[in-house]
Amino acid sequence: EKELLLRIDEKRDQDSVRALGLVPLAGDGLASKREALRRYTRLQEFKRESRKFGSMRQTSEGRAVVIGLENLARTAGYRDTRRLEWSMETEAVADLAQGAVSVSEQETTVSLSIDEDGEPVLSVEKNGKPLKAIPAKLRKHAPFAELRSRVTDLRRQRSRMRLSLEDSMCRGDEFTQGELRELCEHPMLRPMLERLVFLGSGALAGYPIEGGRALRSCAGAIEPIGTGDTVRLAHPIDLLDRGDWSDWQRDCF
């Protein structure tokens, strides 16, 4: 793994990108998941870095990342890359799902949290009084610098999740009740999901509520999602075909 990462960092070697997911994961359980998360994050970062190159290179590097993620999904025991992706994104914010993460130094406390809109928020206090920013002399203090860096990572993660939801909508990916509930536990993903329409069998349609256990229609009716049901993100064309496009529009505004 170290050799592959070195080639990726120094030469942007696409063969190494594809092979990274094939290296067996060390350890079991939590250790294995953290290692998978580290590789997943590096692959996503490689894809983000491709934006500074031309379209042909972006395409080839993007394909290398797709193959790398497919390999990682198999190595980590996931059925497909979508399930790997949501699991890794959830693992990355597992600590923040329980509340704010805080560190203190010289009577100054810096806290990282996720607000109600799913945005990462960095707050600073000294002796219980709020500050606009971390004092200059403490800005390079390792724990503070780590939290500042993590805010950037979380914003990138939020952007990735928005694109992933759009891709899932276009592909028609189906989610079980259990999978939707797990997604709703993600502090940044939940606010996005609650603003999106999901469709199930028959007349089952609405916004996820009760942690993904039910859907609320634009008319306010609540329908539980059965343990054997699957739902998918509604595409605008779905709502047009259903004949209730204007009803959802009114509900949104």
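Quick summary incoming for the structure in this document. Here the structure is a predicted model, which means the values were calculated and not measured.

Cut-offs used in this document
The numbers attached to residues start from 1 for each chain and follow its sequence in the written order. Where totals are concerned, whole chains, interfaces and linings use all residues; where local detail is concerned, this predicted model gives features only for residues with pLDDT of at least 70, and gives and counts side-chain atom pairs only at 80 or more. To get the side-chain values, take all heavy atoms of the structure and skip hydrogens and water. Secondary structure follows DSSP: runs of H or I at least 4 residues long count as helices, runs of E at least 2 residues long count as strands, and numbering of each begins at the N terminus. For each residue, the accessible area found with a 1.4 Å probe, counting protein chains only, is set against the maximum for its type, and the residue is called buried under 20%, exposed over 50%, and partly exposed in between. A 1.4 Å probe and the Shrake-Rupley method give the accessible areas. Residues count as covered only by the protein chains that appear here. Neither His nor the chain ends contribute to the count of charged residues, in which Lys and Arg are positive and Asp and Glu negative. Every charge is mapped to an atom, namely NZ of Lys, CZ of Arg, CG of Asp or CD of Glu. Contact between two residues is taken to exist if any of their heavy atoms lie within 4.5 Å; hydrogens are not considered. Think of a polar contact as two N or O atoms within 3.5 Å of one another; within protein, one of them needs to be a possible hydrogen donor and the other a possible acceptor, and neighboring residues in sequence only count if both atoms come from side chains. Remark: nonpolar core denotes a set of buried residues (Ala, Val, Leu, Ile, Met, Phe, Trp, Tyr, Cys) joined through side-chain atoms within 4.5 Å. The rule for a salt bridge is simple: a side-chain nitrogen of Lys or Arg has to be within 4 Å of a carboxyl oxygen of Asp or Glu.

1. Quick word on the overall build of the chain
Piece 1. Looking only at helices and strands, the chain has 10 helices and 10 strands in total.
Piece 2. Taken along its principal axes, the extent of the C-alpha atoms in the chain is 60 × 50 × 40 Å.
Piece 3. Counting over 253 residues, the chain shows a buried share of 37%.
Piece 4. Carbon and sulfur atoms make up 49% of the accessible area of the chain, which totals about 14400 Å².
Piece 5. Placing the 42 positive and 42 negative side-chain charges of the chain at their respective mean positions leaves the two points 6 Å apart.

2. Quick word on the environment of Tyr78
Piece 1. Inspection of the secondary structure puts Tyr78 in the loop between helix 4 (55-76) and helix 5 (81-92).
Piece 2. Tyr78 has contacts with Lys33, Ala73, Arg83, Leu84, Ser87 and Met88, leaving out every residue within four places of it along the chain.
Piece 3. Among the polar contacts listed, one links the side chain of Tyr78 to the side chain of Ser87, at a separation of 2.7 Å.

3. Observations concerning the nonpolar core
If you look at soluble globular proteins, the nonpolar side chains tend to sit buried side by side.
Piece 1. In terms of nonpolar packing, the biggest core is built from 29 residues, with Trp86, Leu154, Leu165, Leu189, Leu193, Phe198 and Val231 touching the most fellow members.
Piece 2. Of the residues forming this core, the biggest block, 6 residues, is contributed by helix 6 (residues 142-171).
Piece 3. Not counting the four nearest positions on each side in its chain, Trp86 is found in contact with Met161, Ser164, Leu165, Ser168, Phe175, Leu183 and Leu189.
Piece 4. By size, the runner-up hydrophobic cluster in this structure holds 17 residues, among which are Leu4, Leu20, Phe46 and Met88.

4. With respect to the pattern of salt bridges
Piece 1. Applying the stated criterion across every chain yields a total of 22 salt bridges.
Piece 2. Its salt-bridge partner being Arg18, residue Asp15 comes within 2.5 Å of it at the nearest N-O pair. Residue Asp15 and its partner Arg18 are located together in helix 2 (residues 14-20), separated by 3 residues, close to a single helical turn.
Piece 3. The partner of Asp95 in a salt bridge is Arg150, with the nearest N and O atoms 2.8 Å apart. One end of the pair, Asp95, is in the loop between helix 5 and strand 1 (101-105); the other, Arg150, is in helix 6, with 55 residues separating them in the sequence.
Piece 4. Residue Asp95 is classed as partly exposed on the basis of its relative accessible area of 35%.
Piece 5. Given the relative accessible area of 17%, Arg150 is considered buried.
Piece 6. Look at the salt bridges and you will find they share partners, linking Asp9, Arg12, Arg42, Glu49, Arg57 and Glu61 into a network.

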